[in-house]
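Survey of secondary and tertiary structure
Here is how the chains run, residue by residue.
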Amino acid sequence: MPQIYVAYLEPVFIDQRFSAKADCLNIETTKEFIKNVHEKYKKYVGEYFGKEIPGIFLDEPSVGGIIPYTEQISKRFYEDFGYKAEDNYYKLCADYNGERAEFRRNYAKIYTKLFNENFITPIKDWCEENGLVLTGHYSGEESLFGQMLSGQNIYRNTRAIGLPGYDIITYNIGSYKRPMLLAGANLAVSAATHENKQTVLAECFALLPFDAGYSVLKRTGDWLFVNGINKLVPHAFHYGYSAFQRADAGKSFFFQDTKFDEDIKFAEYAGRCCKL
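Residues numbered from 1 in each chain as written. Predicted model: local features only at pLDDT ≥ 70, side-chain atom pairs only at ≥ 80, totals over all residues. Heavy atoms only, no water.

This next bit is on the sheet that holds strand β3 (residues 165–169). On the basis of which strands lie adjacent, the open sheet formed by three strands has the order β3-β4-β5 and parallel pairing. Pairing within the sheet leaves two strands with one partner each, and these edge strands are β3 and β5 (231–234). Adjacent strand axes in the sheet meet at a mean angle of 25°, parallel and antiparallel pairs treated alike. (Pairing = 2+ DSSP bridges. Helix = DSSP H or I, 4+ residues; strand = E, 2+ residues; numbered from the N terminus. Axes fitted to C-alpha atoms, helices over the stretch in contact; angles between N-to-C directions.)

Before going further, it helps to spend a moment on a nonpolar patch on the surface. Together, Leu144, Phe145 and Met148 make up a nonpolar patch on the protein surface, roughly 380 Å² of accessible area in all. Its place among the elements puts Leu144 in helix α4 (residues 144–150). (Patch = residues over 30% accessible without salt bridge, like charges linked within 9 Å, V, L, I, M, F, W, Y side chains within 5 Å. Areas by Shrake-Rupley, 256 points an atom, 1.4 Å probe, with all protein chains shown as cover. Salt bridge = Lys/Arg side-chain N within 4 Å of Asp/Glu carboxyl O.)

What follows is about unusual backbone geometry. Phi is positive for Glu60, close to 55°, though the residue is something other than glycine. Tracing the backbone shows Glu60 in the loop between β1 (55–59) and α2 (73–81).

Attention now moves to helix α6 (residues 179–194). The end-to-end C-alpha distance of α6, which contains 16 residues, comes to 22 Å, matching closely the 22 Å that a straight helix rising 1.5 Å per residue would cover. Looking one or two residues beyond α6, the residue adopting positive phi is Asn196, at roughly 60°. (Expected span 1.5 Å × (residues − 1).)

Formed by 29 residues in total, the largest nonpolar core has its most connected members in Phe115 and Ile120. Take this core: its biggest share by element is 11 residues, from helix α3 (residues 101–129). Ignoring anything within four residues of it in the chain, the contact list for Ile120 reads Leu58, Phe115, Leu134, Tyr138, Ala160 and Ile161. Judged by nonpolar contacts, the second largest core, of 25 residues, contains Ala192, Ala202, Cys204 and Tyr214. (Core = buried A, V, L, I, M, F, W, Y, C linked by side-chain atoms within 4.5 Å. Buried < 20%, exposed > 50% of the residue type's maximum accessible area, 1.4 Å probe, protein only. Contact = heavy atoms within 4.5 Å.)

Let us now look at the pairing of β5. The pairing of strand β4 (residues 201–206) with β5 spans four bridges and is parallel. Bridge pairing in β5 places Ala202 opposite Leu232. Handedness of the crossover joining β4 and β5 through helix α7 (residues 214–226) is recorded here as right-handed. (Right-handed = clockwise from strand over helix to strand, strands pointing away.)

Before going further, it helps to spend a moment on the pattern of salt bridges. Going through the model one piece at a time under the given rule, you end up with nine salt bridges. Of the charged contacts in the structure, one is a salt bridge between Lys35 and Glu32, with a shortest N-O distance of 3.3 Å. Of the two residues, Lys35 and Glu32 both sit in helix α1 (residues 27–45), three residues apart, roughly one turn of that helix. When the shortest N-O distance is used, the salt bridge between Asp80 and Lys113 registers 2.6 Å. One end of the pair, Asp80, is in helix α2; the other, Lys113, is in helix α3, with 33 residues separating them in the sequence. By relative accessible area, which is 33% here, Asp80 ends up partly exposed. Counted as one network, the salt bridges with shared partners bring together Lys75, Arg76, Glu79 and Glu117.

Packed helices, taken two at a time, are described by the angle between their axes plus the distance between the axes. Relative orientation of the contacting elements α2 and α3 amounts to 115°, with a least axis distance of 10 Å. For the element pair α2 / α3, the angle class is roughly perpendicular. α2 and α3 meet at a crossing whose hand is right-handed. Of α3, the residues touching α2 (which contributes Ile73, Arg76, Phe77, Asp80 and Phe81) are Phe103, Asn106, Tyr107, Lys109, Ile110, Tyr111, Lys113, Leu114 and Glu117. Class assignment for the residues of the contact of α2 with α3 results in eight nonpolar, one polar and five charged. (Parallel < 35°, antiparallel > 145°, perpendicular 65-115°, else oblique. Left-handed = near helix turned anticlockwise from the far one by under 90°. Nonpolar A, V, L, I, M, F, W, Y, C, P; charged D, E, K, R; others polar.)

In structure tokens form, the structure reads like this:
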């Protein structure tokens with residue numbers, strides 16, 4: 001019998017700032033991440049865990065791309081489905097027009113499971129062991145299309161963390177013109193409801209114009225509250241507008257901002273709403 005080998009070349013998708021993405025399907029990656037990040041937090045500020053520091057925020061973790069891969073996949077695929085992934089990898093090629101739906105669906109199930117088991121769950125367990133809650137939001141959560149492009153199962157992943165989260169960027173709010181924002185908010189709230197959790201978090205106010213004040217913040221906040229989100233985390237900020245910080249996230253919340261008084265006014269208003 002002749003043997004046929006197919007080589008399929010695809011450009012490597014990389015993060016523009018940090019080069020290649022980590023293999024978040026591999027438990028060894030997670031162990032290194034916890035050792036070099038979380039354990040260092042514990043060393044220097046562990047006395048504040050569960051008090052001044054209530055939790056840890058993961059920002060846009062992902063499985064690694066449209067078609068992620070790790071060495072474990074072939075073994076786990078055979079264990080779960082009883083046939084070899086190696087004999088079917090060509091069905092992942094974009095220009096393959098034959099029957100491929102079952103294999104692609106099963107492949108997605110495997111890498112979703114590995115991401116959950118080998119990345120999200122170990123970090124959540126470490127946080128709980130240290131009196132912290134794991135929160136954050138994922139890459140590609142805004143729509144089904146976005147999830148497909150980032151290889152994510154956002155609903156399952158959001159249910160897995162301690163405090164379900166969502167991200168809203170700019171001053172736009174969900175509407176029939178921007179249904180993706182609606183989908184992301186409702187997905188996070190649904191995931192929390194499924195797990196009988198009463199709190200849903202939103203990272204918010206990134207990429208606001210520098211002159212955004214109370215009215216802009218309130219409009220966005222009210223929309224989040226109406227959707228069932230009751231904990232707000234303003235986008236990470238810098239104490240200055242020099243160098244790359246000028247273009248990183250737009251408006252920042254600190255005392256040098258000319259509208260800082262309005263920021264405080266909104267924070268007081270939001271605190272009352274979230275408490276209710």
